[in-house]
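# Per-entry structural report
The residues making up each chain are set out below.
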Amino acid sequence: MSFPDEAPPDRTSPRALGKYVAGRTLVSGDGPAWADLFVQVYSRNDNQEPFLVPAVAEPLIVWIMSGQAIVEERDLQGEWLASHVEVDDFFLTRSPTPYEMRWRSTGGDPFQVMHLYLSVPLFERVACEVLGRVAPPVLRDISGGKDEQLSHLLALIRQELTAGGRGSHLFIQGLAQSLAVHLIRTYASGETSDDRHNALPGFKLRRAVAHLEEHLAEPFSLAHLAEAVGMSAFHFSRLFKKATGLSPSRHLIRQRIAKAQQLLQETDLSIIEIGTSVGYSSPSHFAQVFRRETGLPPSHYRRG
């Protein structure tokens, strides 16, 4: 079993990353057939204390192969954001900056994961062919996602990984290319890597959305929201709208109405109580906003 024996750097390579996380390497993809992929399967500790994940240039997929866990991530010294993951769930990141992780296993099975890195040359070549542009796209950060097609491709890669000398060079190359195409088609953010310095990091976006969800009933404050993600209000507002297509205040309204719809359908709370619980002290104001967003007054939505 290996344990981190030195402070991790801000950036590292796929091969070096494993030494900064406690656990045991079960199998690795190596040799000429794996030139476009770096794949390792790990058995992780059931409980992992916070550790720094250095930035890696290659797109990274972490696929849950066995067990269940609550995995938490955060920007350095930020708020923890949790994902409950199980077999076939995945994480996708190409973070330009280091971040922190920790987890706690919640099931009886060993917590085993596959780490897969796509080579930068392959990613850029496929992006050029798929999108018709030289600058590759930025991939959206995914935490605890589900993707049946991705899981199928990863399962095939796992089979080749455990085939030993019987693994097919051509088949592995084809899987790597198929995986790159799928990621670009499905998870490209619309930004290019040239725009990365102007993009809102995925962790900050998730933290902002979580903060809004936790404070639905409170008056909106752009200053407080920007402070929660460690940015100036002006810079945050501009990048939030660029990432979501909505201003932060508009996004809050969408969240409030979505929560109100859920409460109208799933509870017996009065319409006044529901409006108050999502931040509208005036019943008429709540009804006005609800109708504007859904096309129906709250009473009709509940009956419908």
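Rules used in this analysis
Residues numbered from 1 in each chain as written. Predicted model: local features only at pLDDT ≥ 70, side-chain atom pairs only at ≥ 80, totals over all residues. Heavy atoms only, no water. Pairing = 2+ DSSP bridges. Helix = DSSP H or I, 4+ residues; strand = E, 2+ residues; numbered from the N terminus. Axes fitted to C-alpha atoms, helices over the stretch in contact; angles between N-to-C directions. Contact = heavy atoms within 4.5 Å. Core = buried A, V, L, I, M, F, W, Y, C linked by side-chain atoms within 4.5 Å. Buried < 20%, exposed > 50% of the residue type's maximum accessible area, 1.4 Å probe, protein only. Expected span 1.5 Å × (residues − 1). Parallel < 35°, antiparallel > 145°, perpendicular 65-115°, else oblique. Nonpolar A, V, L, I, M, F, W, Y, C, P; charged D, E, K, R; others polar. Phe/Tyr/Trp six-rings, centres within 6.5 Å; stacked < 30°, edge-to-face > 60°. Lys NZ or Arg CZ within 6 Å of the ring centre and 35° of its normal. Salt bridge = Lys/Arg side-chain N within 4 Å of Asp/Glu carboxyl O. Arc of directions from axis to C-beta.

## Brief notes about the sheet that holds strand E9 (residues 112-118)
- Pairing in this open sheet of six strands is antiparallel, and the strands run E1-E2-E9-E4-E7-E11 from one edge to the other. If you trace the sheet from one side to the other, it starts and ends with strand E1 (23-28) and strand E11 (142-145), each paired once. Across the sheet, the mean angle from the axis of one strand to that of its neighbour is 20°, orientation sign disregarded.
- The strands that helix H3 (residues 148-161) touches are E1, strand E2 (37-44), strand E4 (60-66), strand E7 (90-93) and E9; relative to E4, the one it contacts most, it runs at about 80°.
- Packed onto the sheet, helix H4 (residues 169-187) meets E2, E4, E7, E9 and E11 and runs at close to 85° relative to E9.

## Description of the nonpolar core
- Membership of the largest hydrophobic core comes to 34 residues, with the highest contact counts inside it found for Leu 37, Ile 61, Leu 116, Leu 154, Ile 157 and Leu 179.
- Per element, the largest residue contribution to this core is eight residues, and it comes from H4.
- Apart from the residues within four sequence positions on either side, Ile 157 is in contact with Trp 34, Leu 37, Val 39, Leu 116, Leu 175 and Leu 179.
- Counting 21 residues, the second largest nonpolar core, distinct from the first, contains Leu 17, Ile 64, Trp 103 and Phe 111.

## Focus: H4
- Between the first and last C-alpha of H4 there are 27 Å, a value that for 19 residues agrees with the 27 Å anticipated at 1.5 Å per step.
- Taken residue by residue, H4 has Ile 172, Leu 175, Ala 176, Leu 179, Ala 180, His 182, Leu 183, Ile 184 and Tyr 187 as its buried positions.

## Here we look at the packing of helix H8 (residues 248-266) against helix H10 (residues 283-294)
- The interhelical angle for the contact between H8 and H10, taken along N-to-C directions, is 95°, at an axis separation of 10 Å. The angle between H8 and H10 places the two elements in the roughly perpendicular class. Residues Arg 250, Ile 253, Arg 254, Ile 257, Ala 260, Gln 261 and Leu 264 of H8 form the contact with H10, whose own contacting residues are Phe 286, Val 289, Phe 290, Arg 292, Glu 293 and Thr 294.
- Grouping the constituent residues of the contact of H8 with H10 by class yields seven nonpolar, two polar and four charged.

## Let's talk about the environment of Arg 238
- Examined against the element boundaries, Arg 238 turns out to sit in helix H7 (residues 233-244).
- For the pair Arg 238 and Pro 248, spaced 10 residues apart in the sequence, the C-alpha separation amounts to 9.3 Å.

## A closer look at the sheet that holds strand E8 (residues 99-105)
- Overall, antiparallel pairing links the four strands, which are arranged E3-E8-E5-E6 in an open sheet. Here the strands that pair on one side only, and so sit at the sheet edges, are strand E3 (47-53) and strand E6 (81-85). Within the sheet, the average angular offset between the axes of one strand and its neighbour, ignoring direction, is 20°.
- As paired elements, strand E5 (residues 69-74) and E6 share five bridges and run antiparallel to each other. Note on E6: the bridge partner recorded for Ala 69 is Val 85.
- Across the sheet, helix H5 (residues 202-214) lies against E5, E6 and E8, angled at about 95° from E6, the strand it touches most.

## A short note on the packing of aromatic side chains
- In total, this model carries eight aromatic pairs according to the counting rule given.
- Taken together, the ring pairs connect Tyr 280, Phe 286, Phe 290 and Tyr 301 into an aromatic cluster.
- Lying over the aromatic face of Tyr 42, Arg 44 brings its terminal NZ or CZ to 3.8 Å of the ring centre.
- We note Arg 256 situated over the ring of Tyr 280; from NZ or CZ to the ring centre the distance is 5.2 Å.

## Points about the pattern of salt bridges
- In total, this model carries nine salt bridges according to the counting rule given.
- Residue Glu 72 is joined to Arg 102 by a salt bridge in which the shortest nitrogen-to-oxygen separation is 2.7 Å. Of this pair, Glu 72 sits in strand E5 while Arg 102 sits in strand E8, and the two are 30 residues apart along the sequence.
- Residue Glu 72 is classed as buried on the basis of its relative accessible area of 19%.

## Topic: helix H2 (residues 120-131)
- An ideal rise of 1.5 Å per residue puts 16 Å on 12 residues; H2 measures up with 16 Å between its terminal C-alpha atoms.
- For H2, the complete set of buried residues consists of Val 120, Leu 122, Phe 123, Val 126 and Ala 127. Looking straight down H2, one finds its buried side chains confined to an arc of 160°; they lie on one side. Facing away from the buried side of H2 by more than 90 degrees, the exposed set consists of Pro 121 and Glu 129.
- Structurally, H2 contributes buried residues whose contacts are with E9, strand E10 (137-139) and H4.
- In the stretch just after H2, Gly 132 is the one whose phi turns positive, near 70°.

## Re unusual backbone geometry
- Of note in this structure, Asp 88 is not a glycine but carries a positive phi near 80°.
- Of the residues examined, Asp 88 reaches a relative accessible area of 34% and is grouped as partly exposed.

## Brief notes about the pairing of E9
- Of all seven residues in E9, six are buried, a share of seventy percent or more.
- Relative to E9, E2 runs antiparallel, the two sharing seven bridges. Considered in E9, the bridge of Phe 38 is made with Tyr 117.
- As judged from the six bridges shared by E4 and E9, these two strands associate in the antiparallel manner. Paired with Ile 64 across the two strands is Val 113, which belongs to E9.

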